[in-house]
Amino acid sequence: GAGVSQSPSNKVTEKGKDVELRCDPISGHTALYWYRQSLGQGLEFLIYFQGNSAPDKSGLPSDRFSAERTGGSVSTLTIQRTQQEDSAVYLCASSSYVLNEKLFFGSGTQLSVL
Amino acid sequence: AQRVTQPEKLLSVFKGAPVELKCNYSYSGSPELFWYVQYSRQRLQLLLRHISRESIKGFTADLNKGETSFHLKKPFAQEEDSAMYYCALRLKTSYDKVIFGPGTSLSVIP
């Protein structure tokens, strides 16, 4: 089937606005990850879901960031009161929960905060 | 703390020359290590994983637990190898977590 789908592919917003980024993982994949990719920082871990629960939220940069996953499928990453430093590519990945299983990545959402 | 480091942000080599992208990790458990690659305008994708001991596109990587390293090597670089390379570590805890290094941008000069 289709790979990991992310929307929108590009998002331009004004400082202080809220944004929602969506990730549709590969069907049947129970594990879902959000990462932030920025120049010089590489891939920064944000949050991990196993099913609908998020056992590790340690990477969320501040309380302005939140994420949820419903039905063990689609996930939404919400950034409230966006700041310019939030500008980055937000990547979603999914995998099945088996030993040594690789991550399948989406094409990302390029977020620009003006 | 668990961490993956890649000391070189940029690496340039001539076509046909050997290439080595360095990766070091810190982790008290038994590591699962991976190399991911992102070609221009493409998605991040798995290149190889240490458990498979495979060679993909001529690349190999050996896990050295004594030096906590997982360097990626290729004897003869090709232009199509130009890409961003990320080393990744899967942490075996009660849940699953994969962390990445900062990445190395490889440029192969014709």
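Since we're looking at a predicted model, the values are computed, not measured.

Draft legend 1. Structural view of the state of the cysteines. Under the definition given, this model contains two disulfides over all chains. Between A:Cys23 and A:Cys92 runs a disulfide, and the two sulfur atoms are separated by 1.9 Å. One disulfide, between A:Cys23 and A:Cys92, carries an S-S torsion of -65° and so falls in the left-handed class. Note that A:Cys23 is positioned in strand S3 (residues 19-24) and A:Cys92 in strand S9 (residues 88-95), a separation of 69 residues in sequence. Assigned by exposure class, A:Cys23 and A:Cys92 land together as buried. Between B:Cys23 and B:Cys87 runs a disulfide, and the two sulfur atoms are separated by 2.0 Å. Here the S-S torsion is close to -65°, and the disulfide linking B:Cys23 with B:Cys87 is therefore left-handed. Remark: B:Cys87 occurs in strand S9 (residues 83-92) and B:Cys23 occurs in the loop between strand S3 (19-21) and strand S4 (24-26); sequence separation between them is 64 residues. The class of B:Cys87 is buried, set by a relative accessible area of 0%.

Draft legend 2. Here's a closer look at the sheet that holds S3(B). Residue and element names in this part refer to chain B. Strand order across the open sheet formed by three strands is S3-S8-S7, with antiparallel pairing between neighbours. Two strands bound the open sheet, and with one partner strand each, they are S3 and strand S7 (60-61). Alignment of S7 against strand S8 (residues 72-74), held across two bridges, turns out to be antiparallel. Residue Ala61 lies in a different strand from S8, and its bridge partner there is Leu72.

Draft legend 3. Quick look at the packing of aromatic side chains. Within this structure, the stated rule accounts for eleven aromatic pairs over all chains. Taken together, a centroid distance of 5.1 Å and an interplanar angle of 85° make the contact between A:Tyr35 and B:Phe100 edge-to-face. In this pair, A:Tyr35 sits in strand S4 (residues 31-38) while B:Phe100 sits in strand S10 (residues 96-100), so the two residues belong to two different chains. B:Phe100 matches A:Tyr35 in its accessibility class, with the two residues each being buried. Between B:Tyr86 and B:Phe100, the aromatic rings sit 6.4 Å apart at their centres with planes inclined by 85°, giving edge-to-face as the arrangement.

Criteria and cut-off values
Per chain, the residues get numbers from 1 upward, laid out in the order the sequence is written. By the order in which they are written, chains take letters starting at A while ligands take numbers starting at 1. pLDDT decides what is reported in this predicted model: residues at 70 or higher carry local features, side-chain atom pairs at 80 or more are listed and counted, and totals for whole chains, interfaces and linings draw on all residues regardless. As a convention, hydrogens and water are excluded, and side-chain values are obtained from all of the structure's heavy atoms. Any two cysteine sulfur atoms within 2.5 Å of one another count as a disulfide. Under the DSSP-based scheme used, a helix requires at least four consecutive residues in state H or I and a strand at least two consecutive residues in state E, with every element numbered from the N terminus. For the exposure calls, accessible area comes from a 1.4 Å probe over protein chains only, and a residue counts as buried if that area is under 20% of its type's maximum, exposed if over 50%, partly exposed in between. Pairing between strands requires that DSSP locate at least two bridges from one strand to the other. Here is the rule: rings of Phe, Tyr and Trp (six-membered ring for Trp) pair when centre to centre is within 6.5 Å. Planes less than 30 degrees apart are stacked, more than 60 are edge-to-face, and the remainder are tilted.

Any functional reading would require information beyond the geometric quantities listed.
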